[in-house]
Amino acid sequence: AKVLEKTFEEWLRYRDECLRRMASEPYPAGLFCNRTFDMYACWPDGSPGTAVNVSCPFYLPWFEKVKHGLVSRRCGTDGQWVTVNGSQPWRDYSQCEDELEVTAEEEGAHRLMVSFKVLYTVGYSLSLLTLISALLILTVFRNLRCTRNYIHANLFASFGLRATSVMVKDALLERRWGVELVQVADWEALLSHEATLGCRAAQVLMQYCILANHYWFLVEAVYLYKLLIGAVFSEKNYYRLYLYLGWGTPVVFVVPWMAAKYLKENAECWALNENMAYWWIIRIPILLASLINLLIFMRILKVILAKLRANQKGYADYKLRLAKATLTLIPLFGIHEVVFIFATDEQTTGILRYVKVFFTLFLNSFQGFLVAVLYCFANKEVKSEMKKKWQLWKL
């Protein structure tokens, strides 16, 4: 996408320079082939029965490799350019072609990236199906309706929206950049401002959903922390604050990121990060939420260990049993973000970059599935309620 956009800009500059040059130069006397721009190269007037050579056009992405090469056309004895099939201009541009020799390393990298895409597509699809089922269970069964499960349901919804937004974004990008470009009009339509609106909207939605997903994990951690360590409080009052934290906080960061992209990097689908400072508008709140979760996890773990040591019989109170049921989820979130906190995208190369990409995509895509299983399907309360409903249905 980046190469195509840059190439089109250079092509427009080449075309404009050619048209100006053709308009300013005087015409020769006698029979000659007319100067022309055939959408590939700029041709001067040609003498009948001769070959006309011009330098390879500078808009080619690989121009540095072929800058000494020539492209040629033949001027017929009748003063007309030689054509193919009576319509298409004949030209020899073999010296201007890029050597399309793909190394074994490049082929391996391409196959690896394709396999990564298949991996996270399967992960997000599996997560989405599982999350929808878990959401239905928590909303249909009345006995499961409480603040704790409301928070779980919001977490499931954030995971589902994240999976959906990623798959929609991929589908739009595939539709946008997977088309075959035959004519210049195709380039213009593809790179027009209207054509980018859909994929930019999908990109913004994806960034919002990713942030919301991280902050609903933060809500889970804060709720668990208040449950174990905080004083007695009214859950109803805090639930509204949880909603603001989970769904409202991402807006605070996504809006400035949108403004920075629109004003400073308004290129194609906003998927490229030329200036990493703008990308940190999204990265910093994610890393902040991950670090807070990690600190809360360590604090809760310390409390649980202390309570387990104090209780010699191995029995725990209600809060402790609840914490043990949900504690396993906190390490699932943010650990990979903390591990790679200093290995940013622009700093990682080679094997380290592939390792980071693999673990990030794997954890992010399958995380929703793990959360749904641990919070819902493996939860004793949920299993007990489903068992009761099953027994009633059989009766």
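What you see is a predicted model; the values in this text were computed from it and never measured.

**Side note on the overall build of the chain**
So, point 1. Secondary structure summary: the chain contains 12 helices and six strands in total.
So, point 2. Once local pairs closer than 6 in sequence are excluded, the contacts in the chain between residues at least 24 apart make up 70%.
So, point 3. When the accessible surface of the chain is split by element, carbon and sulfur atoms take 62% of a total near 22600 Å².

**Quick word on the environment of A157**
So, point 1. The topology assignment puts A157 in helix α4 (residues 147-177).
So, point 2. Each C-alpha atom of the pair A157 and L135 lies 7.5 Å from the other, and the pair is 22 residues apart in sequence.
So, point 3. Here A157 is in contact with L135 and W247, once residues within four sequence places are set aside.

**Remarks on the pattern of salt bridges**
A side chain with one charge may pair with a side chain of the opposite charge, provided their charged atoms come close.
So, point 1. Counted under the stated rule, the structure contains 10 salt bridges.
So, point 2. Put simply, D38 and R73 hold a salt bridge, and the shortest N to O gap is 3.4 Å. Of this pair, D38 sits in the loop between β1 (36-37) and β2 (42-43) while R73 sits in strand β4 (residues 70-75); the two residues are 35 residues apart in sequence, bridging distant segments of the chain.
So, point 3. Note that K67 and E64 form a salt bridge whose closest N and O atoms lie 3.4 Å from each other.
So, point 4. When salt bridges that share partners are traced, they join E10, R13 and E17 into one network.

**Focus on the packing of aromatic side chains**
So, point 1. With the rule as written, the count across this model stands at 19 aromatic pairs.
So, point 2. Both rings, one in F159 and one in F217, keep their centres 5.6 Å apart while their planes meet at 90°; by these two values the pair is edge-to-face. One end of the pair, F159, is in helix α4; the other, F217, is in helix α6 (residues 193-228), and 58 residues separate them in sequence.
So, point 3. Look at F159 and you get buried, because its relative accessible area is 3%.
So, point 4. It is R35 that lies over the ring of Y27; its NZ or CZ is 3.9 Å from the centre.
So, point 5. Here the guanidinium or amino end of R283 rests over the ring plane of W280, the centre of that ring lying 5.9 Å away.

**Structural notes on the side chain of N149**
So, point 1. Within the secondary structure layout, N149 lies in helix α4.
So, point 2. Residue N149 is classed as buried on the basis of its relative accessible area of 4%.
So, point 3. Look past the residues within four positions of N149 in its chain and what remains in contact with it is L138, L144 and E381.

**Brief notes about the UniProt feature "transmembrane region" (unreviewed entry) in the chain**
So, point 1. UniProt feature "transmembrane region" (unreviewed entry): in the numbering of this structure it lies at residues 118-141, 241-260, 280-301, 322-343 and 355-378.
So, point 2. Taken end to end, residues 241-260 is 100% helix and 0% strand, and its two terminal C-alpha atoms sit 28 Å from one another.
So, point 3. As annotated, residues 280-301 comprises 100% helix and 0% strand, and the C-alpha atoms at either end are separated by 31 Å.

**As for helix α11 (residues 350-377)**
So, point 1. In a regular helix each residue adds 1.5 Å, so 28 residues correspond to 40 Å; α11 covers 40 Å between its end C-alpha atoms and thus fits that length.
So, point 2. The largest bend in α11 comes to about 40°, at Q367.
So, point 3. Considered for burial, the residues of α11 that qualify are K356, V357, T360, N364, S365, F366, Q367, G368, V371, A372, Y375 and C376.

**Considerations on unusual backbone geometry**
So, point 1. For M39, which is not a glycine, the phi torsion comes out positive at approximately 75°.
So, point 2. In this fold, M39 is placed in the loop between β1 and β2.
So, point 3. Relative accessible area serves as the criterion here: at 49%, M39 is assigned to the partly exposed category.

**Some thoughts on the state of the cysteines**
Joining two cysteines, a disulfide is a covalent bond between their sulfur atoms.
So, point 1. In this structure the tally under the stated criterion is three disulfides.
So, point 2. There is a disulfide in this structure between C18 and C42, and the S-S distance comes to 2.1 Å. On the sign convention where negative means left-handed, the S-S torsion of about 80° between C18 and C42 marks this disulfide as right-handed. Separated by 24 residues along the polypeptide, C18 in helix α1 (residues 2-24) and C42 in strand β2 bring together distant segments of the chain.
So, point 3. For C18, a relative accessible area of 1% puts it in the buried group.
So, point 4. Classification of C42 by relative accessible area gives buried; the value is 7%.

**Observations regarding a nonpolar patch on the surface**
So, point 1. Among the surface-exposed residues, I351, V355, F358, F359 and F362 lie close enough to one another that they form a single nonpolar patch of about 440 Å² accessible area.
So, point 2. Mapped onto the elements of the fold, F362 is located in helix α11.
So, point 3. Judged by its relative accessible area of 34%, F362 is partly exposed.

**Re the environment of T139**
So, point 1. Note that T139 resides in helix α3 (residues 104-140).
So, point 2. When the C-alpha atoms of T139 and Y150 are compared, they prove to be 8.7 Å apart, with 11 residues separating the residues in sequence.

**Quick notes on the environment of R21**
So, point 1. Considering the arrangement of structural elements, one finds R21 in helix α1.
So, point 2. In sequence terms R21 and P44 are 23 residues apart; their C-alpha atoms lie 9.2 Å from each other.

What counts and how
- Residues numbered from 1 in each chain as written.
- Predicted model: local features only at pLDDT ≥ 70, side-chain atom pairs only at ≥ 80, totals over all residues.
- Heavy atoms only, no water.
- Helix = DSSP H or I, 4+ residues; strand = E, 2+ residues; numbered from the N terminus.
- Contact = heavy atoms within 4.5 Å.
- Areas by Shrake-Rupley, 256 points an atom, 1.4 Å probe, with all protein chains shown as cover.
- Salt bridge = Lys/Arg side-chain N within 4 Å of Asp/Glu carboxyl O.
- Phe/Tyr/Trp six-rings, centres within 6.5 Å; stacked < 30°, edge-to-face > 60°.
- Buried < 20%, exposed > 50% of the residue type's maximum accessible area, 1.4 Å probe, protein only.
- Lys NZ or Arg CZ within 6 Å of the ring centre and 35° of its normal.
- UniProt positions renumbered as here; feature names shortened; annotations may be inferred.
- Expected span 1.5 Å × (residues − 1).
- Bend = angle between axes of the 7 residues up to and from the residue.
- Disulfide = S-S within 2.5 Å.
- Patch = residues over 30% accessible without salt bridge, like charges linked within 9 Å, V, L, I, M, F, W, Y side chains within 5 Å.

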